[in-house]
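# Remarks on the overall topology
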Amino acid sequence: MKSYMQPDKHHAAVQRALELGRSGDPSVLPELIELLRAPSNEIQRLAVSAIGKLSGFGADPAQAVAALAPLAVKARHPQTQQYAIRALKKYAASAREHLHDLRDVARNEAHCDYVRAAALVTADAIEQAAQDAESGTQHRCQRCNARVTADEYARSNQTFQRVFCDRCFDEVFLERRNFEAQVELNKTIEARDGTVVQSGGERRIADWLTAHGVAYRYDAKFRIIAEFQIRPDFYLPELDVYIEYWGLDTPQYKMSMYKKQTLYQQEGKRLVSVYPQDLPRLDSLLTAKLSLFGFQPGIDARSKVSEE
Ligand SMILES: [Zn+2]
């Protein structure tokens, strides 16, 4: 459905929904709930998704569930419904009364496959959360070993795929923020071809690719994949290969590194990982690894690039 909002208002609301979703501030929940009423599927979907994200930051679960549940059962657009169902999963521990509605959605052939699949996953998560609550399954914080409540468990598991108490969650989150801010600040290294990269290791890779005439794209933007902020990467279109430089050694960084490597595997993408200890033998390493994917050392690939 097309939006019936004026384009500038629509644009402002889209930006606002995105901003609120990134805010990590649970007090913006009422404003997001208000945005759900916008006559635009895009805004509705972004607001739904933002409400889901706020589960990790202590947004009031009862309020969030009350706003999401109706859309999880019936929305103007199936994609909005899918997003609402997925957002509801993040409040699984508090969404118990909607379990049967979601099972109905999962069974109902009138819904799109992707809506039904999402409903099934969320229903299972709600059931699991309910079982945990009943059996008194006691989780402990992986950082300080304190007992965590069902909500703390859900919150940290959703965000980090780890179990932290609320206090450690906040600390881990801040550490990660600071780390990312630091990475942003480091973005001043210029490779030989003018690409601005974020570390000396990345510059070495960029310069090697340039020297060997291998075309590449460098993505300097952070992306969120499955809740993890992911660092930039090199993509070599001729070889359909990604190169990642894993330059840091903090636990938070490693968490997102493992996550990203798993995602690459799951999606069948071809990944060459480079670590700091590889840098002294970078030339032989890249030559060997990229040869597996069709790189021919000694042949100037620039002629191939120009054919594209
Ligand atoms: Zn803790």
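Residues numbered from 1 in each chain as written. Predicted model: local features only at pLDDT ≥ 70, side-chain atom pairs only at ≥ 80, totals over all residues.

Now for the overall build of the protein. For the protein, the count of helices and strands is 13 helices and 10 strands. Residues counted as buried form 32% of the 308 residues belonging to the protein. At a minimum sequence separation of 6, the contacts of the protein that also span at least 24 residues come to 56%. (Helix = DSSP H or I, 4+ residues; strand = E, 2+ residues; numbered from the N terminus. Buried ≥ 20, exposed ≤ 12 C-beta atoms within 10 Å, placed from the backbone. Contact = placed C-beta atoms within 7 Å.)

At a minimum axis separation of 8 Å, helix 3 (residues 41-54) and helix 5 (residues 78-89) run at an interaxial angle of 10°. What the angle tells us is that helix 3 and helix 5 run roughly parallel. Side by side, helix 3 and helix 5 meet where N41, Q44, R45, V48, S49, I51 and G52 of the first sit next to Q79, T80, Y83, A84, R86 and A87 of the second. When grouped by side-chain class, the residues that make up the contact of helix 3 with helix 5 number five nonpolar, six polar and two charged. (Axes fitted to C-alpha atoms, helices over the stretch in contact; angles between N-to-C directions. Parallel < 35°, antiparallel > 145°, perpendicular 65-115°, else oblique. Nonpolar A, V, L, I, M, F, W, Y, C, P; charged D, E, K, R; others polar.)

Let's shift gears to the nonpolar core. Counting 52 residues, the largest nonpolar core has A47, V48, I51, L68, A84 and L88 as its most contacted members. When neighbours within four sequence positions are excluded, I51 is seen to be in contact with L29, L32, A64, A67, L68 and A87. Within the second largest apolar cluster, 17 residues are counted, among which are V197, I205, Y245 and V272. (Core = buried A, V, L, I, M, F, W, Y, C linked by C-beta atoms within 7 Å.)

Counted at 1.5 Å a residue, the expected span for helix 3 with its 14 residues is 20 Å, and the 20 Å between its end C-alpha atoms agrees. In terms of burial, helix 3 is a largely internal element, 11 of the 14 residues being buried. Elements that come into contact with the buried residues of helix 3 comprise helix 1 (7-23), helix 2 (29-35), helix 4 (61-73) and helix 5. (Expected span 1.5 Å × (residues − 1).)

The subject of this paragraph is the sheet that holds strand 8 (residues 233-236). Pairing is mixed in the open sheet, where four strands are placed in the order 5-8-9-10. On the outer flanks of this sheet lie strand 5 (217-219) and strand 10 (271-274), each paired with one strand and no other. Each neighbouring strand pair of the sheet contributes to a mean axis angle of 20°, computed without reference to strand direction. In this structure, strand 9 (residues 241-245) lies alongside strand 10, joined through four bridges in parallel fashion. Its bridge partner lying in strand 10, Y245 is registered against V274. (Pairing = 2+ DSSP bridges.)

Moving on to the packing of helix 4 against helix 5. Where helix 4 contacts helix 5, the two axes come as close as 8 Å, and the packing angle between them is 140°. Here helix 5 runs oblique to helix 4, going by the angle between their axes. With respect to the hand of their crossing, helix 4 and helix 5 are arranged in left-handed fashion. For the pair helix 4 and helix 5, the contacting residues are V65, L68, A69, L71 and A72 in the first and T80, Q81, A84, I85, A87 and L88 in the second. Considered class by class, the residues forming the contact of helix 4 with helix 5 number nine nonpolar, two polar and no charged. (Left-handed = near helix turned anticlockwise from the far one by under 90°.)

Burial runs high along strand 9: four of the five residues are buried. Relative to strand 9, strand 8 is paired through three bridges, and the arrangement is antiparallel. Following the sheet pairing, F234 is matched in strand 9 by I243. Counted between consecutive antiparallel strands, the loop separating strand 8 from strand 9 contains four residues, among which D240 sits at a positive phi close to 50°.

Of all residues in the protein, 85% have pLDDT values of 70 or greater, and the mean over the chain is 83. Low pLDDT (under 50) marks residues 301-308, which in the prediction has nine contacts with non-local residues, meaning those over four places away or in another chain. (pLDDT = per-residue confidence, 0-100.)

For A64, the location among the structural elements is in helix 4. Considering only alpha carbons, one finds A64 and L54, 10 residues apart in sequence, at a separation of 9.1 Å. Each residue touching A64, except ones within four places of it in the same chain, is listed here: L29, I51, S55, A59 and Y91.

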